[in-house]
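Per-entry structural report
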Amino acid sequence: MRSSEEKPVTKTNFMLDTLVSIQAFGPDASDAIEKAFARIDDIEKKMTSKADFSEVISINELAGRDFYKVSPDTFFVIKKGLYFSNLSEGKFDITVGPLVKLWGIGTEHARVPSKAEISKILPLVDYRQIELDEKNNSVFLKRPGMSIELGGIAKGYAADEAVKVLRQNGVKHGTVDLGGNIIVIGTKPDGKLWKIGIQNPFFKTRGSIVATVEVADKTLVTSGPYERYIEKDGKIYHHILDTRTGFPVENELMSVTIIAESSIDADALSTTVFAMGLEEGMDFVESIENIDAIFITKDYKVYTTSGVENLNFKIVDKQFELGKNI
């Protein structure tokens, strides 16, 4: 007979526009999961751009006019977003809000805008026009019409915070899955590593696995065009937008999976590195300590950064093959 500690409690909820599933072991696992869901809900209410009110919406409404004081949570995420915007020289840009709204991908208003519409909006996408007042936890967008969109980073923060709550409530083994933002807590209760599958990014094979890695105390976040997109005249337009052109990023990649210790970092980096493409993205990840990446290209090749070989990486789908070092 197994002890109660070895039986996982799993609960699922729809939050942050995605299915959130938390699995935890331990005598207080059920209560700990409920507290983690409450923390995620708190973060969503502060940072969503899809509600009648949130701190982010209030910042956006005051664009060009005044600072807006926010909670430490929102200030931290915006500051972190600015860090990655700077690091990527704008390939990741939290002021992408006007562009996201224009395309509407993932909403019932999704459409392909004209080049003229995009040209008009592009000057509003510029992370350098955000001013932070550290002393008062306040944020100011310098140009009217600008808007912050934290969709590329808030999910990672929520995942990190959910794990923090679980640990504070005695959970030593478990998993948090925020629609593909996965974090594993410790090892499995028997001491074995968690085996995590890398999603097949090709549109017709959703749900199948390309490869696996084995990890403990790590997060995996994947970005790719298959997540949200629209189709027009036989062409697919996905949600990862090129902040220079205003159109979806076009390169040889189908997905990028970032493996890290912090999910907020992995969340921002997965989008950033996808936008960079294979060669630049590979060099960029190799230059950052404790971060690794798995790239899947349109020609069914898989490329990995150097640290992935330490994670018992295995390709399990014969359609795919390991690409040669670039």
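This structure is a prediction, so every number in the text was calculated from the model and none was measured.

Glancing now at the sheet that holds strand β8 (residues 194-199). Paired through their backbone hydrogen bonds, the strands of a sheet run either parallel or antiparallel. Spatially, β8-β9-β16 is the arrangement adopted by the three strands of the open sheet, whose pairing is antiparallel. Two strands lie at the open edges of the sheet, namely β8 and β16 (314-315), each paired on one side alone. Sheet analysis places β8 next to strand β9 (residues 209-215), joined by six bridges and oriented antiparallel. Pairing of Gly197 across the sheet is with Thr212, part of β9.

With that settled, the discussion passes to the pairing of strand β7 (residues 181-185). Each regular strand shows side chains that alternate between the opposite faces of the sheet. Within β7, five of the five residues are buried, which leaves it mostly tucked inside the rest of the structure. Neither face of β7 is exposed, since Asn181, Ile183 and Ile185 on one face and Ile182 and Val184 on the opposite face are all buried. The pairing of strand β6 (residues 174-178) with β7 spans five bridges and is classified as antiparallel. Residue pairing in the sheet places Gly174 in a bridge with Ile185 of β7. Here β6 folds back onto β7, and the loop between the two strands holds two residues, one of which, Gly179, carries a positive phi near 55 degrees. As paired strands, β7 and strand β10 (residues 219-223) are joined by two bridges and run antiparallel to one another. Within β10, the residue paired with Ile182 across the bridge is Leu220.

Relative to the helices and strands, Thr95 is located in the loop between α3 (72-87) and α4 (97-103). Here the side chain of Thr95 touches Asp126 through a polar contact of 2.8 Å, landing on its backbone nitrogen. Side-chain polar atoms of Thr95 contact the backbone nitrogen of Tyr127, separated by 3.5 Å.

For the structure shown, the criterion picks out nine aromatic pairs. For the ring pair Phe202 and Phe320, a centre distance of 6.0 Å and an interplane angle of 50 degrees mean the geometry is tilted. A residue pair is termed long-range when its members are at least 10 positions apart, and Phe202 in the loop between β8 and β9 and Phe320 in the loop between β16 and β17 (321-322) qualify at 118 residues. Judged by relative accessible area, which is 12%, Phe202 ranks as buried. Of the residues examined, Phe320 reaches a relative accessible area of 5% and is grouped as buried. Summarising the aromatic geometry, the rings of Tyr300 and Phe320 are spaced 5.0 Å apart at their centres and angled 45 degrees between planes, so their arrangement reads as tilted. Taken as a pair, Tyr300 in the loop between β14 (292-297) and β15 (301-304) and Phe320 in the loop between β16 and β17 lie far apart in primary sequence, 20 residues in all. Taken together, the ring pairs in this structure connect Trp103, Tyr237 and Phe247 into an aromatic cluster. Its guanidinium or amino end placed over the ring of Tyr127, Arg128 lies 5.8 Å from that ring's centre, counting from NZ or CZ.

A positive phi is found at Asn137, a non-glycine position, where the angle reads about 55 degrees. One can find Asn137 in the loop between β4 (130-133) and β5 (138-141). Here Asn137 falls in the buried class, since its relative accessible area comes to 17%. Positive phi is not limited to glycine here, since Asn290 has a value of about 60 degrees. By the element assignment, Asn290 lies in the loop between α8 (278-286) and β14.

Position of Ser71 among the secondary structure elements: in the loop between β3 (68-69) and α3. Look at Ser71 and you get buried, because its relative accessible area is 12%. A polar atom in the side chain of Ser71 sits 2.9 Å from the side chain of Glu55. Leave out the neighbours within four places in its chain, and Ser71 touches Lys46, Glu55 and Asn137.

Okay, the sheet that holds β15 next. The nine strands are arranged β1-β2-β6-β7-β10-β13-β14-β15-β17 in an open sheet whose pairing can be described as mixed. Because the sheet does not close on itself, it has two edges, and the strands there are β1 (9-15) and β17. Both strand β2 (residues 18-24) and β6 contribute to a ladder of five bridges, which runs antiparallel. Along β6, the bridge assignment pairs Ile22 with Val176. The strands touched by helix α6 (residues 154-168) within the sheet are β2, β6 and β7, with β7 carrying the most contacts at an inclination of about 20 degrees. The sheet strands contacting helix α7 (residues 263-276) are β7, β10, β13 (253-260) and β14, and the helix crosses β13 at an angle near 155 degrees.

Basis of the calculations
- Along every chain, residues carry numbers that run from 1 in the direction the sequence is written.
- In keeping with the predicted nature of the model, local features appear solely for residues at pLDDT of at least 70, side-chain atom pairs appear and are counted solely at 80 or more, and the whole-chain, interface and lining totals rest on all residues.
- The side-chain values count all of the structure's non-hydrogen atoms but skip hydrogen atoms and water molecules.
- Here, strands pair whenever DSSP counts at least two bridges between them.
- Under the scheme used here, helices are H or I runs from DSSP no shorter than 4 residues and strands are E runs no shorter than 2 residues, and both carry numbers assigned from the N terminus.
- Using a 1.4 Å probe on the protein chains alone, a residue whose accessible area is under 20% of its type maximum counts as buried, one over 50% counts as exposed, and one in between counts as partly exposed.
- Side-chain atoms alone can form a polar contact between residues adjacent in sequence; in general such a contact is a pair of N or O atoms within 3.5 Å, and within protein one must be able to donate a hydrogen while the other accepts it.
- Paired rings are identified among Phe, Tyr and Trp, the last through its six-membered ring, by centres lying within 6.5 Å, and are further divided according to the angle between planes into stacked (under 30 degrees), edge-to-face (over 60) and tilted (the rest).
- Charge-over-ring placement is defined geometrically: NZ (Lys) or CZ (Arg) within 6 Å of the ring centre, and within 35 degrees of the ring normal.
- Here, residues are in contact when the closest pair of their heavy atoms is within 4.5 Å.
- A fitted line through C-alpha atoms represents every axis, and for helices the fit uses only the stretch in contact; the resulting angles, taken between N-to-C directions, go from 0 to 180 degrees.

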